[in-house]
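Examining the three-dimensional arrangement
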Amino acid sequence: MTATISMSKEKLTAPKRKVSLRRILATAWSWAPVYPVAVVFLIAVIGPWIVPLSPIDVAGPTNQSPGGAFHFGTDSTGLDVFSRTIAAARNDILIATLTSAIATTAGILLGLLIGMNESRRGLLGWVARFLVRVLDLLQAVPAVVIALALVAVVGTSVISLTVAMAIILTPNQARMVRTEVLKVRTDAYIDAARMAGERGFALTLRHVLPNASWPALENASLVFGAAILITATLGFLGVGLHPPTPEWGSMISTGASDAAVGRWWSFVFPAIALVIAVASFAMAGQRLFKRRAG
Amino acid sequence: MFAKRVLIAAAVAAMSTAVISACSGSSSSKGSAGSGGAVVVVTPDTSWTWALDNGFGGLEPSMNVVGATLIRNPYKDTGTNGVLAQNVSDYEPYLAKSWEVSADNKTVTFHLADAVSQQGNPLTSDDVIWSWERRFGAPTSISPSIQNPQITSLDQFKKIDDKTFTVTLDQPGHLSTFFGLIANVTAYIYDSKYLKAHVTSDDPYAVKFTTTNPNYGFGPYTVTNFQPGVTATLTANDKFVLGAPKIKTIIYKIVPDEGTRLNLLKSGDADVALNLSPSDMASLKTTDGTALLTAPDPNSYIMMPLLGNKAPFDKTLVRQAMAYAVPYDQIINDVFHGQAFRKSSAFLRSDAPGYDGSGFTDFKYDPAKAKELLAQAGVSLPVKFALHVSAAEPDMQEAAVQIQSFAKDAGFDITIEQVPASAFGEGRTNHTFQAFLLLDYSITLTPSYELNVYTALNPDGSPAGNNLGAWVNKDFVAAKAKADSTVTDPYTPEAGKAWNAAERIFINEAPIVMIAQIQPTTAFRSDLKGITWRSDQWIDWGQASKG
């Protein structure tokens, strides 16, 4: 006697998940920290084209309080504070984005170079140890002092300010990566890769870099915020971009004395914009570069 | 999460601070300024020093301490807020009780008063002669350049006896400016006996000694407390030759922020506020209990030198075009809020007796005229240049923005370069800028001095450091020399004509655009009387009283 077992020929596939509104909203909510920065970026890009008045030409009487044609009032020169606050986003965001990108990239590369070679003998070891001392020196001097010195030599422009701040902010990124490299290079998978025949540059690029660069990437948003604040500080010290180029720091600087006598608008509005930009980038950075545990 | 909380907390703190500082106004209660008869003066940190003949520092602050001169300009009541103003066309005795001028107008004989220094030493001719020896001998002294060509050598001074000496000039035309010079800040008389006791081989004129020992003259006050960058206290000198001042104590306090200085004055916590912004000055016009220091004919100018040693202002037509591209009314009304005015393009005092103001180009904002001149000059539009301003002068930055905005229609493309004060001073002296804006004043108000101070040449014919426009014009030099050599009294119609010939060249060639005359930036509580306007912009506390 024989028994026959028949089975239906249905394919074995994973059940389809239903795309529900709840799921969409939950996903959207999880990305909420990124939305403010998207708005800030949008304003930075289109701001100068949508402002009602020229941000660099005299628009009306001086020290007008907010209202009427001047939503945020006018400053002591007769420039429109609303137009300047919006237009300033481009300069500050541009400088901060470039600074963050350069400092993070350079920091990762330097951190890798130092971390992989500082204990070696030979030329690479000497170079790595020399770079460590250079980083120590840059971090020992206050950031604003370095920025002032660099700007005094090369003059003020978006490029010179970006370069100055990238020099100031790279050492910290490099240190973070170096510390991570020192941990990562002793991990078991690195040994396994070596035993599999990987060496030198290929090993660093394929195994160390992806695992050691996370601290710098997580920190990039704070570098962004720091760049905006240093630009603002230089503007406050009177060595920022050429006047009347709109930039939050210089606006806060010139508006601070007016605020003390009740003319608050030329100080408060750029200060609010500055706080929103820095805070939103910090939140976005935490969301984007948060490492998954395990 | 921790970092996020820190950021949010910092943002809230920053916003709270901003709102609180923005909403803070003056206190409603009257302050305690000047209790016990003292007067409190709030001033920005101007790096005070008492050492004279040590660069440009110390000249004005020392006016009330070391600053007694042989003669001085008398004061006259302006009829406004009890303010006294110098009559710069006249002189009265001070440390010299009398003087005679020789028939050839080249030698002046001075007779000294019975004055006693702050250290108790009697005034003698030796003090006068040693004071000038120090001015010529100290390597850091600026007096030789400022007093040239009227006083160039110690040989001009001759002692007759302890109370009598003479000064001989090279030419009679130097007489009027000589009097102007010895009545002002670079001609204070020092207590030579006191200073000579403190000379060293390193400090042969006791210049360094006087940085910390300010009481070395014959002025109305002594310094009884000095904390650099913080405060200075002046106490009335009972031995002062013209009688002890009525106000016994002046307390200067350094308050860097001009808004704070304004609030202190409004609340009564300060009696006098210096270096206020024009908008703050304008706001005080409607504030009870305060008054503005208003000068009948202020000597402070906002000026825009256009340097002739490089393009584009090496061409006279381009400079003249720029003079037509300046929005004078907007600067006067929107930057200086009516605390400035412009009578004409001219520079010399128009209220001086005998003044001739004919033949000047009347530069007004006229972009069409500016473009016409640029076309004649054959330059392509827009004409691009950098306009430098000092980061320490916010009013100049605001004026620069106005000029940049309005000059576009006149064919100029201006980039504003804001530089730190030290770099600005260097660029100004070394003539490295294309154009710059500054607020400045000539202290000695005689035609010869005023026309020379901003156009002086080095012995080799090159522009001197203070030749703001780096301008060399042979016709101007000749006209000045002719007036200098032929005019002894600058306040006659003949003198007016002679100086007009020189001033006309200066104004029409436009090496410096004289934008407007600026009123003093000092305000005070209205219970103070006898506040003085002086050409050195300082207050002579010997004239003031309270209540």
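Residues numbered from 1 in each chain as written. Chains lettered and ligands numbered in written order. Predicted model: local features only at pLDDT ≥ 70, side-chain atom pairs only at ≥ 80, totals over all residues.

**Observations concerning the overall build of chain B**
Scanning chain B from terminus to terminus reveals 16 helices and 25 strands. Rg of the C-alpha trace for chain B: 25 Å, near the compact-globule value of 24 Å for 547 residues, within the 12% margin. Considering only C-alpha atoms, chain B reaches an extent of 75 × 65 × 50 Å along its principal axes. Looking at the 547 residues of chain B, the share that counts as buried comes to 51%. The long-range fraction of contacts in chain B, counting pairs at least 24 apart against all pairs at least 6 apart in sequence, stands at 71%. (Helix = DSSP H or I, 4+ residues; strand = E, 2+ residues; numbered from the N terminus. Rg over C-alpha atoms; globule rule 2.2 N^0.38 Å. Buried ≥ 20, exposed ≤ 12 C-beta atoms within 10 Å, placed from the backbone. Contact = placed C-beta atoms within 7 Å.)

**A word on the environment of B:Ala103**
Turning to its location among the elements, B:Ala103 is positioned in the loop between strand E6 (96-101) and strand E7 (107-112). Its 6 C-beta neighbours within 10 Å are what place B:Ala103 among the exposed residues.

**Some details on the sheet that holds strand E10 (residues 221-227) of chain B**
Residue and element names in this part refer to chain B. Strand order across the open sheet formed by seven strands is E10-E11-E12-E1-E13-E22-E14, with mixed pairing between neighbours. Bordering the open sheet on either side are E10 and strand E14 (290-292), each of which pairs with just one other strand. Looking at chain direction, strand E1 (residues 38-43) and strand E12 (residues 249-254) are connected through six bridges and run parallel. Residue pairing for E12: Val39 is matched across the bridge by Ile250. (Pairing = 2+ DSSP bridges.)

**Section: the nonpolar core**
Membership of the largest hydrophobic core comes to 154 residues, with the highest contact counts inside it found for A:Met165, A:Ala227, B:Val41, B:Leu95, B:Ala273 and B:Ala523. Looking at this core, the element that brings in the most residues is helix H3 (residues 81-117) of chain A, giving 16 residues. Once residues within four sequence positions are removed from consideration, B:Ala273 is found in contact with B:Val42, B:Arg261, B:Leu262, B:Leu264, B:Leu265 and B:Ala523. Residues B:Ala323, B:Phe347, B:Ala435 and B:Leu437 belong to the second largest nonpolar core, which totals 73 residues. (Core = buried A, V, L, I, M, F, W, Y, C linked by C-beta atoms within 7 Å.)

**Overview of the confidence of the model for chain B**
All names here are of chain B. The pLDDT averaged across chain B works out to 89; a share of 93% of its residues lies at or above 70. Here residues 16-32 scores under 50 on pLDDT; set against residues more than four positions off or in separate chains, the count is 19 contacts. Interface confidence in the predicted complex, given as ipTM, is 0.70; pTM for the same model is 0.81. (pLDDT = per-residue confidence, 0-100.)

**Describing the packing of helix H9 (residues 316-323) of chain B against helix H11 (residues 367-377) of chain B**
All names here are of chain B. Running from amino to carboxyl end, H9 crosses H11 at an angle of 170 degrees, the nearest separation of the two axes being 8 Å. Of the possible angle classes, the one that applies to H9 and H11 is roughly antiparallel. In contact with Leu317, Val318, Gln320 and Ala321 of H9, H11 contributes Ala370, Leu373, Leu374, Gln376 and Ala377. A breakdown of the residues in the contact of H9 with H11 according to their chemical character gives seven nonpolar, two polar and no charged. (Axes fitted to C-alpha atoms, helices over the stretch in contact; angles between N-to-C directions. Parallel < 35°, antiparallel > 145°, perpendicular 65-115°, else oblique. Nonpolar A, V, L, I, M, F, W, Y, C, P; charged D, E, K, R; others polar.)

**A short note on unusual backbone geometry**
In this chain, A:Pro243 is followed by A:Pro244 through a cis amide linkage whose omega measures 0 degrees. Tracing the chain through its elements places A:Pro244 in the loop between helix H9 (214-236) and helix H10 (248-260). Residue B:Pro382 is reached from B:Leu381 by a cis peptide bond, and omega for that bond is -5 degrees. Here B:Pro382 lies in the loop between H11 and strand E17 (383-390). A positive phi is found at B:His337, a non-glycine position, where the angle reads about 50 degrees. Tracing the sequence through the fold places B:His337 in the loop between helix H10 (328-335) and strand E16 (340-341). With 19 C-beta atoms counted inside 10 Å, the residue B:His337 sits in the partly exposed group.

**What to know about the pairing of strand E11 (residues 231-236) of chain B**
Residue and element names in this part refer to chain B. The sheet contact formed by E10 and E11 spans six bridges and is antiparallel. Opposite Val223, over in E11, you have Leu234 as the bridge partner. Between the end of E10 and the start of E11, which pair antiparallel, lie three residues, with Gly229 showing a positive phi angle near 80 degrees. Alignment of E11 against E12, held across five bridges, turns out to be antiparallel. Paired with Leu234 across the strands is Ile250, a residue of E12.

**Some words on the interface of chain A and chain B**
In this complex, chain A contributes 29 residues to the contact, which on the side of chain B involves 31 residues. Of all the secondary structure elements, the ones that give two or more residues to the side of chain A that touches chain B are H10 and helix H11 (265-288) of chain A. A total of eight residues in the side of chain A that touches chain B trace back to one element, the largest contributor, which is H11(A). When grouped by side-chain class, the residues that make up the side of chain A that touches chain B number 16 nonpolar, 11 polar and two charged.

**Points about the sheet that holds strand E24 (residues 532-533) of chain B**
Read across the open sheet, the three strands follow the order E3-E4-E24 (chain B); overall the sheet is mixed. In this open sheet, the two edge strands, each paired with only one partner strand, are strand E3 (75-77) and E24 of chain B.

**Details of the pairing of strand E15 (residues 300-305) of chain B**
Residues and elements named next belong to chain B. With respect to burial, E15 is a largely interior element, five of its six residues being buried. The pairing of E15 with strand E20 (residues 438-441) spans four bridges and is antiparallel. Bridge pairing links Ser300 to Tyr441 in E20. Bridging between E15 and strand E21 (residues 512-518) involves six bridges; their strand directions are antiparallel. By the bridge assignment, Met304 is partnered in E21 with Val513.

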